[in-house]
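Now for the letters of each chain:
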Amino acid sequence: MFDVALIREDFPILNREVHPGQKLIYLDSAASSQKPLSVIESMNDYYRNSNANIHRGVHKLAEEATEKYEAARTKIAKFINSEKSKQVIYTRNTTESINLVANTWGRQNLKADDLILLTQMEHHSNIVPWQMLSSQLGFSIEYIKITPEGLLDIEDYKQLLVREPKLVSFTYMSNVLGSINPAKELIQLAHAAGAITLVDGAQAVPHFPVDVQDLDADFLAFSAHKMVGPTGIGVLYGKFDLLKKMPPFLGGGDMIKEVKFSGFSANDLPYKFEAGTPAIAEAVGFGAAIDYLESVGMENIDRHENVILRYALGKIMDVPDVKVLNSNPKLKGGVIAFTFGKIHPHDVAQILDRSGIAVRAGHHCAQPLHELFAIPATTRASFYLYNTTQEVDAFVDGLYKVKEYFK
Ligand code: 7TS
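Quantities reported herein were computed from a predicted structural model and do not represent experimental measurements. (Residues numbered from 1 in each chain as written. Predicted model: local features only at pLDDT ≥ 70, side-chain atom pairs only at ≥ 80, totals over all residues. Heavy atoms only, no water.)

(A) Spotlight on the overall build of the chain. Scanning the chain from N- to C-terminus turns up 14 helices and 17 strands. Here the C-alpha atoms of the chain give a radius of gyration of 22 Å, agreeing with the 22 Å that 2.2 N^0.38 yields for 407 residues. Counting the 407 residues in the chain, one finds 55% classified as buried. Expressed as a percentage of contacts within the chain between residues at least 6 apart in sequence, the contacts between residues at least 24 apart total 70%. (Helix = DSSP H or I, 4+ residues; strand = E, 2+ residues; numbered from the N terminus. Rg over C-alpha atoms; globule rule 2.2 N^0.38 Å. Buried < 20%, exposed > 50% of the residue type's maximum accessible area, 1.4 Å probe, protein only. Contact = heavy atoms within 4.5 Å.)

Quick look at the structure:
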C-alpha cells in the first residue's frame, strides 16, 4: 500500500521550516530530489565503519568498501534490468555519462559527413557535448521537431531517419514539458535505420520503471541525486559489445590493466571507464536509494505522481493568465512549467518562497526549447513520491498571492 504520509516520515528535511512558521513545500524534485533517512544513514555508516579506498590493498576495510561499492552496482543493474552488472558504469551524473559516450563512442565512430539526431526538447547536457564534438569532427546535428502541444513529432523523426543518422540521442522525459517520449518505438525506428541510441533517463529512471532490455537501448544515462540518492554519482548503462569496443574516457589509476613507460593496456569493464578513486560513499548511498525505491515500488511512485499531476493541472489551469507548457496529463510526468502573464518567473518563485514553497525559475537548462516557444523563462513545479494534494493547494494559493502582489 502506498501511503504518502508514511513516506514523508522517511524524509527528515520535509519537517523543516524554511522561514519562521513556513514549513518546506518542496516542488523542485526535477532539479534534485530529497533523500530518505536510510540513504543518509547508509553513507554515515559507511564513513563511520567501513571507509577505505576500493580495489586496492587486502585489508578488511578495503575489502568491505569494495564489497559495498560493487553491491550497489549489482542493485542498480537489477533495477534497470541490465544483462550484466559490468554494463553499469559509475559516472558523476547524467552529464558525465553523455560526455563519456560523446568522447569515446562518438570520437571513434563519427566522421565529417555523418549526421546525428537530437530532439528540440533536450537538456543542455544532451546538446552541448555533441556540439563540442561536432565542432571538432565536423558531423551535422539535426533536432527532431516537437509539435505545438509539446510532444515529439514522430513524422519529422521518420523523415530524418531516411538520412541515415549514426546516432539518435533523446530524453525519455522532458524536464520542462514533462513529455514522455515513446522510447521503445523511437529505438526500434532508429535501429531499423541503422542508428545507435542514447536515452537520457535523468527524468525517467527516478519516476517509472525503466527496463533497458525491453527498450533495447544502446546507452542509458541517469543521476542518483534525482532518485532519492546522493549527488556526485550517476550511471552510464551500455550494451556490452559497444562498451567493449569503446576506448577509455579518462586515463589514470584503476582503468588500466598494465602500464609501461611505452604505453598502457585498458582494464576490463566496468573499470575501464572508472579512472581514479570513485565516489564510494555515494555509491553506497545510491544502493540504499535503489533499496528505498524498490521497497515503495516504481509502479506505485508513477501512479502517485500521476494523481498529483492531474490534480495540480486541474487547479493551475483555473488561475488566470497561467499558461502551462504541455497541459495534457497523458504521456506526461510530474512536471509543470508555466508562464504567468507578464510576471517574471524569478518573481513568482521568490514570492512562493516566502510561503516555504520551492519551485524553479529560468530556462531549466533547456534554452533552445524556451526559444522555440518564444519565452525567455518559465516557473516550474515538479513532483515526486513525497508530494501531496495539500501541497498543491498551498502552491496554487501561493500563485493567487503572487497575482495579488503584482496587481
Ligand atoms: N537530462 C535531463 C533531462 C535533465 O533534466 C537533467 C538535469 C540532466 C540531463 C542533467 O543531469 P545532471 O545530474 O547531470 O545535472 N535537470 C535539471 C533540471 O531540470 N533542473 O536542474 C537540473
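Next comes the rest of the description.
(B) Local environment of the side chain of Thr66. Within the element layout of this structure, Thr66 appears in helix α3 (residues 60–79). A polar contact of 2.6 Å, which involves the side chain of Thr66, links it to the backbone oxygen of Ala62. Ignoring any residue separated from it by four or fewer positions in sequence, one finds Thr66 in contact with Ile54 and His55. (Polar contact = N/O pair within 3.5 Å; in protein donor to acceptor, adjacent residues only side chain to side chain.)

(C) Local environment of helix α2 (residues 37–50). The end-to-end C-alpha distance of α2, which contains 14 residues, comes to 19 Å, matching closely the 20 Å that a straight helix rising 1.5 Å per residue would cover. When α2 is considered as a whole, its buried residues turn out to be Val39, Ser42, Met43, Tyr46 and Ser50. On an axial view of α2, the arc spanned by its buried residues comes to 90°, and they lie on one face. Of the surrounding elements, those touching the buried residues of α2 are α3 and α10 (280–296). (Expected span 1.5 Å × (residues − 1). Arc of directions from axis to C-beta.)

(D) Region of the structure containing the pattern of salt bridges. For the structure shown, the criterion picks out 19 salt bridges. Note that Asp291 and Lys75 form a salt bridge whose closest N and O atoms lie 2.8 Å from each other. Residue Asp291 is located in helix α10, and its partner Lys75 is located in helix α3; the two are separated by 216 residues in the primary sequence. Given the relative accessible area of 36%, Asp291 is considered partly exposed. For Lys239, the salt bridge identified is with Asp218, shortest N-O distance 3.2 Å. Of this pair, Lys239 sits in the loop between β10 (234–238) and α9 (240–245) while Asp218 sits in the loop between α8 (212–215) and β9 (219–223), placing them 21 residues apart in sequence. By relative accessible area, which is 4% here, Asp218 ends up buried. Several salt bridges converge on common partners, so that one network encompasses Glu70, Arg73 and Glu274. (Salt bridge = Lys/Arg side-chain N within 4 Å of Asp/Glu carboxyl O.)

(E) Just the environment of Ile316, in detail. Summarising the element assignment, Ile316 is placed in helix α11 (residues 298–316). For the pair Ile316 and Asp393, spaced 77 residues apart in sequence, the C-alpha to C-alpha distance is 9.4 Å. Not counting residues up to four positions away in its chain, the partners in contact with Ile316 are Val322, Val324, Ile336, Phe338, Phe395, Val396 and Leu399.

(F) The site of the ligand, seen in detail. Taken together, 17 residues surround the ligand, and among them Thr95, Asp200, Ser223, Arg360 and Arg380 come closest. Here an oxygen atom of the ligand sits 3.4 Å away from a polar atom, N or O, in the main chain of Thr94. His225 has a polar side-chain atom sitting 2.7 Å from an oxygen atom of the ligand. The protein chains hide 90% of the 490 Å² of surface that the ligand would expose on its own. For the shell around the ligand, a count of residues per class yields three nonpolar, 10 polar and four charged. (Near = heavy atom within 4 Å. Areas by Shrake-Rupley, 256 points an atom, 1.4 Å probe, with all protein chains shown as cover. Nonpolar A, V, L, I, M, F, W, Y, C, P; charged D, E, K, R; others polar.)

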